[in-house]
Amino acid sequence: MSTVPTLPACGEPATIRIELYSADSLDACAYTCVDHTIRATAAAARAGLEAHLLGMAPDVERSCGHVFVFPTGALGDAPADRVPPMAAVPTGAGPSPPPDA
């Protein structure tokens, strides 16, 4: 595995941090909202990465889909911060807003 998988993203505030490991190396952290956590962990597994779900630190703010790659990990040649464009969000990627929103 030499690249970070494409993860679902909606840009909403992230509530879950996912640590991504290859072998014994912490390679990246992905941030998701509750609605995209399952698909993000599935994408990581398909890419050969082990996902460990954690809560967000109270002083950290990230959007759903943000990925930070640790330069010392096995994915160190990937860009350090990946914030996917919102156009990359698949149709039906999250819940529909209420009709009066």
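Please read these numbers as outputs of a predicted model, since none were measured by experiment.

Draft legend 1. Spotlight on the confidence of the model for the protein chain. The pLDDT averaged across the protein chain works out to 77; a share of 68% of its residues lies at or above 70. By mean pLDDT, the top-scoring element of the protein chain is strand E3 (residues 50-55) (94), and the lowest-scoring one is strand E5 (residues 81-82) (50).

Draft legend 2. Here's a closer look at the environment of Asp27. For Asp27, the location among the structural elements is in strand E2 (residues 25-32). Taking relative accessible area as the criterion, Asp27 reaches 0% and is therefore assigned buried. Note: C-alpha distance between Asp27 and Val4 (23 residues apart in sequence) is 9.1 Å. At 2.6 Å, the side chain of Asp27 forms a polar contact with the side chain of Ser25.

Draft legend 3. Examining the pairing of E2 more closely. Where burial is concerned, most of E2 is hidden: 6 out of the 8 residues are buried. Taking the residues that link successive antiparallel strands as the turn, the strand E1 (residues 16-22)-E2 hairpin has 2 residues, and the phi of Ala23 there is positive, at about 55°. Relative to strand E4 (residues 67-69), E2 is paired through 3 bridges, and the arrangement is antiparallel. Paired with Cys29 across the two strands is Phe68, which belongs to E4.

Draft legend 4. Focus on the nonpolar core. The biggest cluster of nonpolar side chains holds 13 residues, and the ones touching the most others in it are Leu7, Ile18, Leu20, Ala28, Ala30, Val67 and Val69. Put simply, the parts of the chain that give this core at least two residues each are E1, E2, helix H1 (37-46) and E4. Excluding residues within four positions of it along the chain, Ala30 makes contact with Leu7, Ile16, Arg17, Ile18, Leu20, His66 and Val67.

Draft legend 5. Quick look at the side chain of Thr37. Locating Thr37 in the fold gives a position in helix H1. At a separation of 2.8 Å, a polar atom in the side chain of Thr37 contacts the side chain of Thr32. Beyond its immediate sequence surroundings of up to four residues, Thr37 is in contact with Ile16, Ile18, Thr32 and Leu53.

Rules used in this analysis
Residues numbered from 1 in each chain as written. Predicted model: local features only at pLDDT ≥ 70, side-chain atom pairs only at ≥ 80, totals over all residues. Heavy atoms only, no water. pLDDT = per-residue confidence, 0-100. Helix = DSSP H or I, 4+ residues; strand = E, 2+ residues; numbered from the N terminus. Buried < 20%, exposed > 50% of the residue type's maximum accessible area, 1.4 Å probe, protein only. Polar contact = N/O pair within 3.5 Å; in protein donor to acceptor, adjacent residues only side chain to side chain. Pairing = 2+ DSSP bridges. Core = buried A, V, L, I, M, F, W, Y, C linked by side-chain atoms within 4.5 Å. Contact = heavy atoms within 4.5 Å.

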